[in-house]
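# A look at the structure
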Amino acid sequence: MTTLTSSPASDVLARMQADVDRQREEMRARFESRRAERAARDPQPEDWRVFFEDAKDLYLAVRPETAKLLYILARTRHARTVVEFGTSFGLSTLCLAAAVRDNGGGRVIGTEFLESKAASATASLAEAGLDDLVEIRIGDAMETLARDVPPNVDILFLDGAKHMYLDIVRLLEPRLSPGALVIADNSDSSPELLEYLRGNAGYLSSATQPSVEVALRIG
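In this text the structure is predicted, and so the values were computed from the model without any measurement.

### Here's the deal with the overall build of the chain
Counting secondary structure elements, the chain contains eight helices and seven strands. Here the chain holds 219 residues, and 51% of them are scored as buried. Counting contacts in the chain only where the partners sit at least 6 residues apart, residues at least 24 apart contribute 74% of the total. Of the roughly 10100 Å² of accessible surface on the chain, a fraction of 53% belongs to carbon and sulfur atoms.

The structure is reproduced here in structure tokens:
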């Protein structure tokens, strides 16, 4: 048994994934409606802050197979220090923290733009018995991750605003351990990140699932 597959973490994860399933159609309909409205009245790109404010009650969570992949990669890497860009309600955070627990302990630094989501994530992590491993920093991640990040990050997981992916990688690159993993969900929405990871001699990068990129830091 693992922390991820044992109660209470497994119970909390199952509940969160059920919530994601219930919200899926609502989320698709809401975003399609917003996209049509904006296209009709404003050709300018939507401010990412407005997008995440509008999605404050939605999970925006990883798929179940991606959640499992995060746990597997973190265990395989023996990760002790993890940084997550985009915590939302904490589903992926739970999987990463469970892996860190099973690796012998460590620290997961999460980031969340909305205080309400961070509070919900913290409550779920406490229910799962993993909150002692997690620190969630609230606000713009380019600011919250610009300080007090350990110099030995084993995994950087990207699941926030896609246009910020490359900026976050560059910000934290000096803090990545040798052999660190950079994992990007919805990576096809960040072509500049894919170009950087796949064309940079400092990384060995490949898609492991549709829209999930995993890069090994070798430089």
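### What to know about helix α8 (residues 191-199)
Note that an α-helix has 3.6 residues per turn; residues three or four places apart therefore point the same way. All of the buried residues along α8 are L193, L194, Y196 and L197. Buried positions in α8, seen along its axis, are confined to an arc of 165° and lie on one side of it. Away from the buried face of α8 by more than 90 degrees, exposed residues P191, E195 and G199 are located. Residues of α8 that are buried make contact with β4 (153-158), α7 (165-172), β5 (176-185), β6 (203-209) and β7 (212-217).

### What about the sheet that holds β5?
The strand order across the open sheet built from seven strands is β3-β2-β1-β4-β5-β7-β6, with neighbouring strands paired in mixed fashion. The open sheet terminates on both sides in strands that have one partner only, identified here as β3 (134-138) and β6. Each strand axis lies, on average, 15° off the axis of its neighbour in the sheet, ignoring direction. By the bridge criterion, five bridges tie β4 to β5 in an arrangement that is parallel. Within β5, the residue paired with L156 across the bridge is V182.

### Examining the environment of S120
Residue position: S120 is located in helix α5 (residues 115-127). Judged by its relative accessible area of 30%, S120 falls in the partly exposed class.

### Topic: the packing of aromatic side chains
Following the criterion strictly, the structure yields two aromatic pairs and no others. Ring centres of F85 and Y165 lie 6.2 Å apart, and the angle between their planes is 80°; on these two criteria the pair is classed as edge-to-face. Placement of the pair is F85 in strand β1 (residues 81-85) and Y165 in helix α7, with a sequence separation of 80 residues. For the pair F85 and Y165, one class covers both residues: buried. Aromatic pair Y196 and Y203: ring centres 6.1 Å apart, planes at 55°, arrangement tilted. Above the plane of the ring of Y196 lies R170, whose end atom (NZ or CZ) is 5.1 Å from the centre.

### Side note on the packing of helix α3 (residues 64-76) against helix α4 (residues 91-102)
Where α3 meets α4, the axes come as close as 8 Å, and the angle between the chain directions of the two elements is 25°. In this view, α3 runs roughly parallel relative to α4, as classed from their interaxial angle. By crossing handedness, the relation of α3 to α4 is classed as right-handed. Contact residues: α3 offers A67, L70, Y71, A74 and R75, while α4 offers L91, S92, C95, L96, A98, A99 and D102. Here the residues of the contact of α3 with α4 sort into nine nonpolar, one polar and two charged.

Calculation rules
Residues numbered from 1 in each chain as written. Predicted model: local features only at pLDDT ≥ 70, side-chain atom pairs only at ≥ 80, totals over all residues. Heavy atoms only, no water. Helix = DSSP H or I, 4+ residues; strand = E, 2+ residues; numbered from the N terminus. Buried < 20%, exposed > 50% of the residue type's maximum accessible area, 1.4 Å probe, protein only. Contact = heavy atoms within 4.5 Å. Areas by Shrake-Rupley, 256 points an atom, 1.4 Å probe, with all protein chains shown as cover. Arc of directions from axis to C-beta. Pairing = 2+ DSSP bridges. Axes fitted to C-alpha atoms, helices over the stretch in contact; angles between N-to-C directions. Phe/Tyr/Trp six-rings, centres within 6.5 Å; stacked < 30°, edge-to-face > 60°. Lys NZ or Arg CZ within 6 Å of the ring centre and 35° of its normal. Parallel < 35°, antiparallel > 145°, perpendicular 65-115°, else oblique. Left-handed = near helix turned anticlockwise from the far one by under 90°. Nonpolar A, V, L, I, M, F, W, Y, C, P; charged D, E, K, R; others polar.

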